[in-house]
Amino acid sequence: MSLAADPEGPIPLSACPACIAAPAAEDLARRAQPQSARLTLSIPEAHCAACISTVEKGLEKLEGVKSARVNLTLKRVFVEADGSLEAADLIAPLKALGYEAHELDPGLLSTTENDRKSRELIMRIGISGFSMMNVNLLSVAVWVGATDATRDMFHTIAGLIAIPTVIFCAQPFFKSAWDGLKAGRVVMDFPIALAMVLGCAISIFETLNSGPHAYFDGIVMLTFFLLIGRWLDHRTRAMARSAAQELAALEVPRAIRLRDGTEETVGIAELAKGDLVLVRPGGRMPVDGEVVSGTSELDRSLLTGEVLPVFAAPGQVVSAGEVNLTGPLTVRVEAAGRDSSLSRMAELVAVAETAKTRYTGLADAAARLYAPVVHALAFGAFAVWLWISGGDLRLAINIAAGTLIITCPCALGLAVPAVLTAASGRLFKLGLLIKSGTALERMAEVDTVLFDKTGTLTMGRPEPLNFADHSAEVLSVAAALAGASSHPLAQSLTARAAEAAVAPAAIRDLREVPGFGIEGTLEGRRVRLGRAAWVGAAERAETATYLMLADGSTHAFTFTDALRPGAEELISTLKSRGLAVKLISGDTPAAVALLAERLGIEDWAAEARPEDKAAEVEHLRGAGRHVLMVGDGLNDTAALAAAHASISPSTALDAARVASDIVLLSRDLTPVAEVLRLSKVATRRMQENFLISGAYNVVAVPVALLGYASPLWAAVAMSLSSITVALNALRTR
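Predicted model only: the values in this text are computed from it and were never measured. (Residues numbered from 1 in each chain as written. Predicted model: local features only at pLDDT ≥ 70, side-chain atom pairs only at ≥ 80, totals over all residues. Heavy atoms only, no water.)

Structural notes on the side chain of T207
Put simply, the rule is: We count a stretch as a helix when DSSP gives it H or I for four or more residues in a row; a strand needs E for two or more, and each element gets its number in order from the N terminus. Only protein chains enter the area calculation, which uses a 1.4 Å probe; residues under 20% of their type maximum are buried, those over 50% are exposed, and those in between are partly exposed. Contacts are residue-level and defined by heavy atoms, with any inter-residue pair within 4.5 Å sufficient.
Here T207 shows up in helix α7 (residues 189-208). Residue T207 is classed as buried on the basis of its relative accessible area of 14%. Every residue in contact with T207, bar those within four places of it in the chain, is listed here: D152, H155, T156, A214 and F216.

Quick word on the sheet that holds strand β8 (residues 287-293)
The test is simple: Only strands joined by at least two bridges in the DSSP assignment are considered to pair.
Read from one edge to the other, the open sheet built from six strands follows the order β6-β5-β7-β13-β8-β11, with strand pairing classed as antiparallel. Looking along the sheet, the strands with just one partner apiece sit at the ends: β6 (262-267) and β11 (317-318). Relative to β11, β8 runs antiparallel, the two being bridged by two bridges. The partner of E290 across the bridge, within β11, is V317.

Brief notes about unusual backbone geometry
Even without glycine at this site, D260 takes up a positive phi of about 55°. Summarising the element assignment, D260 is placed in the loop between β5 (254-259) and β6. With phi around 55°, E523 is a residue other than glycine that occupies positive phi space. Structurally, E523 can be placed in the loop between β18 (517-522) and β19 (525-530). By relative accessible area, E523 is classed as exposed at 78%.

Quick look at the pattern of salt bridges
Basically, it comes down to this: By definition here, a salt bridge exists when the distance from a side-chain nitrogen of Lys or Arg to a carboxyl oxygen of Asp or Glu is within 4 Å.
With the rule as written, the count across this model stands at 24 salt bridges. A salt bridge links E688 to R685, with the nearest nitrogen and oxygen atoms 3.2 Å apart. Linking E688 with R685, this pair stays in helix α25 (residues 671-705), spanning three residues, or about one helical turn. In this structure E688 comes out as partly exposed when scored by relative accessible area, which is 26%.

Considerations on the packing of aromatic side chains
Which entries qualify depends on this criterion: Each Phe, Tyr or Trp ring, with Trp reduced to its six-membered ring, pairs with another whose centre is within 6.5 Å; inter-plane angles below 30 degrees give stacked pairs, above 60 give edge-to-face pairs, and intermediate values give tilted ones. Charge-over-ring contacts are defined here by two conditions on Lys NZ or Arg CZ: a distance within 6 Å of the ring centre and an angle within 35 degrees of the ring normal.
Considering all chains together, one arrives at three aromatic pairs under this definition. For the pair F467 and F557, a centre-to-centre distance of 6.5 Å together with 45° between the ring planes defines the contact as tilted. Here F467 is found in the loop between β16 (458-464) and α17 (472-482), whereas its partner F557 is found in strand β21 (residues 554-563), with 90 residues between them in sequence. The exposure classification of F467 matches that of F557, with both residues buried. Taken together, the aromatic side chains of F311, F516 and W534 make up a single cluster linked through ring pairs. R124 extends its terminal NZ or CZ atom over the ring of F168, reaching a point 4.6 Å from the ring centre.

A look at the pairing of strand β25 (residues 645-649)
The cut-off we apply is this: Call a crossover right-handed when, viewed with both strands pointing away from you, the route from the first strand across the helix to the second goes clockwise.
With five of five residues buried, β25 lies mostly within the body of the structure. The β-α-β motif built from strand β24 (residues 627-630), the intervening helix α23 (residues 637-642) and the parallel element β25 has right-handed crossover chirality. Note: β25 against strand β26 (residues 662-664), three bridges, orientation parallel. Considered in β26, the bridge of I647 is made with I662.

Some words on the sheet that holds strand β12 (residues 323-324)
The strand order across the open sheet built from three strands is β10-β9-β12, with neighbouring strands paired in antiparallel fashion. Each end of this open sheet is capped by a strand with a single partner; those strands are β10 (310-312) and β12. Bridging between strand β9 (residues 296-299) and β10 involves three bridges; their strand directions are antiparallel. When the sheet's bridge partners are listed, E297 is paired in β10 with F311.

Quick notes on the environment of S722
Tracing the backbone shows S722 in helix α26 (residues 711-730). With a relative accessible area of 1%, S722 lands in the buried category. In sequence terms S722 and S693 are 29 residues apart; their C-alpha atoms lie 8.4 Å from each other.

Looking at the confidence of the model for the protein
To keep it simple, the criterion reads: Every residue gets a pLDDT, meaning the predictor's confidence in that residue, from 0 to 100.
Averaged over all residues, the pLDDT of the protein is 77; the fraction at 70 or higher stands at 79%. For the protein, per-element mean pLDDT is lowest for helix α1 (residues 25-32), which scores 36, and highest for strand β15 (residues 448-451), which scores 94. With pLDDT under 50 throughout, residues 236-244 is counted as low confidence; its partners more than four residues away or in other chains account for 31 contacts.

Some points on the packing of helix α5 (residues 148-169) against α7
Note the cut-off: Orientation is described by lines fitted to C-alpha atoms, with helices fitted over the stretch in contact, and by angles between N-to-C directions that extend from 0 to 180 degrees. An angle below 35 degrees is read as roughly parallel, one above 145 as roughly antiparallel, one from 65 to 115 as roughly perpendicular, and any other as oblique. We call a crossing left-handed when the near helix sits turned anticlockwise from the far one by less than a right angle, and right-handed when that turn is clockwise. Charged residues are taken to be Asp, Glu, Lys and Arg, nonpolar residues to be Ala, Val, Leu, Ile, Met, Phe, Trp, Tyr, Cys and Pro, and polar residues to be all remaining types, Gly included.
For the pair α5 and α7, the least separation of the axes is 10 Å and the interaxial angle reads 155°. Between α5 and α7, the angle is such that the two are roughly antiparallel. For the crossing formed where α5 meets α7, the hand is left-handed. Residues D152, H155, T156, I163 and V166 of α5 touch α7, and the partners they reach there are M196, C200, I204 and T207. Taken together, the residues that form the contact of α5 with α7 break down as five nonpolar, three polar and one charged.

In structure tokens:
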């Protein structure tokens, strides 16, 4: 791309084909136009797979609701409905299902609420852990043979510690179970709450009647381990913020409207198609539209991922979110607010984030089976043993409680979070941050890797290619002109000249012409550095800026993008493992072809718009491929959200980072190969943990049903299964 253009000749829409990568507002709005109203509500009490099924099915039964999709990570439900239906119409039905609901304000993020819940869970874990240690110390005396009054004293002290602890620390489980009961359904927390209540009741009964066994230690241990599982799950979910939220945050809330020659600041909602808005240098484009007057350069990196500015002149189509760099522009509004391309892109990302996967289907099936099976077993054990024992109520309740406790899904709940925690620690040391709880499972299935170019495989920093090919006079004049410009190509040229100790020429009257380049006077004659047409040079296919000397001769400085460290090694490793590799970029064909050849990538595409990248992901998915998308720009966001798995570097835009499953913290790309390897190891550990949990239940449930597991030993067995799962997870490192 060149630095400027000829103001006297025909003004192109852009300096290179990559500059038209940002979609026209009308085109993107037409492609993403929803056929019905889309409503969003927060459901803070949703926390498990059963909640997804209950909310979605309950809402889809309502008249006017076409579909409902729950995003459990964000605790939100996205509803496709008739235009006449409003969010307020859904709050009462959700409350009847047992879920508090609020209409979502897109301007508010949930970080503070997530932090509050995390601190609350940590507090409960700390209290229950401290109580568990004290209660277990008291239980040791009973285990070693304390009897009669001594045993009763220790049981009483343990009860005075354990009962308040359980009442306070287990509130998340009690509240969830109670809300479910009020709505006429049994959630996965109900057996846990019931077991705790029965365990406490039996322990109190035993203590009051000088019984030999009280199970306060087991109940507190149960609370402690379950809270750890809940916190791990919460932290995993809280790390994944919505890319759609971040995209919406880029929208400009106000604009300067021009009416009858006067300027007035108005909200975006007040703008209508055909209005004129003024965008000053340094401001972000508030609307989609067409430039009516003024020339400038635009930073379109939010939409194209490319860092070089784009020339803007009358007739140029602009999109919301672009940054005006050098000159004031008057823009005629084509779309604003919810109709803008930026808002439509956020809508596309939200749809991708709430898409159903086979993992949520498996979770739904497990949720539907768990509660009825557990309660049927416990009730059956109670009835059978009450009959066998001739009406011994204490024995029957003990066995029923043991069955409920021994089947509590603590180990199952830790199976995935424990592995994820271990893998996260390992990957963090390598410079990778996991944001999604299912990322490793999906990463293990990847067979195709799709790369963006600028900012991903390259550093997004131009470097001169033919600097040394020019004479000292040419370099001296170029250094002087480039030093007075803030353009990325000029800055790169200035840095290279400084490294080579080039002395700038004595140029007077330096003046930057917005959108074209910079000029000055050398020995009474004009010299210029900028766009090819502006300096009278023939434009080259490569990215370049052009110099016109005082004698009228022209010289071209060509540039390439610096490779990101580890890029060549990563591509080589992926290909050696049999993975398909493709490069897709919004840059020019020449630049993309050069990089593809340099890295040995045979399959590449250039001049790709945001929807082209998302469409390519969908095409590969339709062909049965499991795609890993690696990108860093706003134009990659929809593709990152739609891909089977996704990675973005830490230098990426906020919207790209939050849309991805994993963030690469280091500059080096080689850890990407390690995450693909470790994901397979982690997936095996998850599967092993599920097998451990299943085998535990296969052995433990019959033992409990046959009366060989008191509530205490049931709690110990359950805790041991959790510890076994955690130890197996540590092998992921």
